[in-house]
Amino acid sequence: MSREFTKEIKREITEKCKEIGFNKKQNFYIKPYTENVIAVLFFGFYSFQMPGHVFVAAFVGVTYKNVEEIFCKLCGIANPVFDYTILGQIGYVMPENSFKEWDMVEGSDNTGVFEDLFKNIKTYGFEYFEKMKDFNNLFQTFEIRGSVVNVSRDRRLPILYYLKGEKEKGLKFIEEAIERENTPVDMESLIKESQMTFPDAGVTIITSGPGRVDPEYLEFKERYKALP
C-alpha cells in the first residue's frame, strides 16, 4: 500500500476522532466515558495487494481501569502500557454482524467513505460503549464468548469474577483453563470443526503433540489465589 496515502488517511482519522472527543494514545484513540471506563477506538489498514486501495477496519472497545490494574498485577507487568479490556471489529456490532471495512481509493475523493465510517462509529460504536459501561454486560459478553471479544479471556474473566465477589468461581475457571491447555489435541475433531466453520477453505493444522500450559499462566494462578 502507498505509505503517503496511508499517512493521509491516518491524519484524517485523527482529525475526525478529535471531532467526536477521542485523542490518540499509542496506537489507540481514547475518550473517558465514566470514572472507571474509557471508550477505545482502533483502526487497521490493509491493502490486500490491490494497488491504490487502502481498506480501513474500525474496532471498538472499552478499558476498565480497575480490571487492567489487577491484570497488570497478576501478570507481573511492572511498566504497564495502555491496553483495552475488550475490543472487537465494529462490523460485529452492526446489523450485518460480519467483518466490515471501508475502501479508500488513492487519487479519489474519499469524503463520503470517511463520513460513512464515522457515521457507523457514532451510531453503533457509541451504542456499544454505552452497553459496555455496564459491568454486568461486560461480564456476560466474556462469559458467553461474545463475537466482539478480542482479549485474553483466560486472564480477564477470572478478574471479572473477582470483582463480582466470586473469587472461587474465577479460580475454578483458571483450573479448567489449565486442564484444557494440558489436554492432548484431538486432531480429528479439530479438523472437522474447522471444516464446518470454514467449509470452502483448505485447512492445514500443524501440532507438536499434547497441549502445554503457559508457565506464566501458572504464575498468574498463584497471584490470583493470593488476592485478598
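To be clear, the structure that these remarks concern was listed above.
Residues numbered from 1 in each chain as written. Predicted model: local features only at pLDDT ≥ 70, side-chain atom pairs only at ≥ 80, totals over all residues. Heavy atoms only, no water.

### Some remarks on the layout of surface pockets
Turning to step 1, where the next piece is worked out: The volume enclosed by the largest pocket comes to roughly 250 Å³.
Turning to step 2, where the next piece is worked out: Around the largest pocket, the lining residues are I38, T63, K65, E68, E69, F71, C72, I77, P80, V81, F82 and D83.
Turning to step 3, where the next piece is worked out: Sort the elements by how many residues they give to the lining of the largest pocket and helix α2 (residues 65–75) lands first, with five residues.
Turning to step 4, where the next piece is worked out: When the residues that make up the lining of the largest pocket are grouped by side-chain class, the tally is seven nonpolar, one polar and four charged.
Turning to step 5, where the next piece is worked out: There is about 150 Å³ of room inside the second largest pocket.
Turning to step 6, where the next piece is worked out: For the lining of the second largest pocket, the secondary structure elements donating two or more residues are α1 (3–19) and β3 (37–46). (1 Å grid on protein atoms, 1.4 Å probe; cavity = no way out; pocket = protein on both sides within 12 Å on 5 of 7 lines; lining within 4 Å. Points joined across faces, edges and corners; volume = space filled by probe spheres on them. Helix = DSSP H or I, 4+ residues; strand = E, 2+ residues; numbered from the N terminus. Nonpolar A, V, L, I, M, F, W, Y, C, P; charged D, E, K, R; others polar.)

### Considering the packing of aromatic side chains
Turning to step 1, where the next piece is worked out: Overall, the coordinates contain 16 aromatic pairs when judged by the stated rule.
Turning to step 2, where the next piece is worked out: For the ring pair F28 and F42, a centre distance of 5.6 Å and an interplane angle of 50° mean the geometry is tilted. Residue F28 is located in strand β2 (residues 28–32), and its partner F42 is located in strand β3; the two are separated by 14 residues in the primary sequence.
Turning to step 3, where the next piece is worked out: On the basis of relative accessibility, which here comes to 10%, the residue F28 falls in the buried class.
Turning to step 4, where the next piece is worked out: Exposure remark for F42: the relative accessible area of 25% places this residue in the partly exposed category.
Turning to step 5, where the next piece is worked out: Counting every residue linked through ring pairs, the aromatic cluster contains F28, F42, F59, F82 and Y84.
Turning to step 6, where the next piece is worked out: Just above the ring of W102 sits the side chain of K100; from NZ or CZ to the centre is 5.0 Å.
Turning to step 7, where the next piece is worked out: Over the face of the ring belonging to F173 we find R180, whose NZ or CZ atom lies 5.9 Å from the ring centre. (Phe/Tyr/Trp six-rings, centres within 6.5 Å; stacked < 30°, edge-to-face > 60°. Buried < 20%, exposed > 50% of the residue type's maximum accessible area, 1.4 Å probe, protein only. Lys NZ or Arg CZ within 6 Å of the ring centre and 35° of its normal.)

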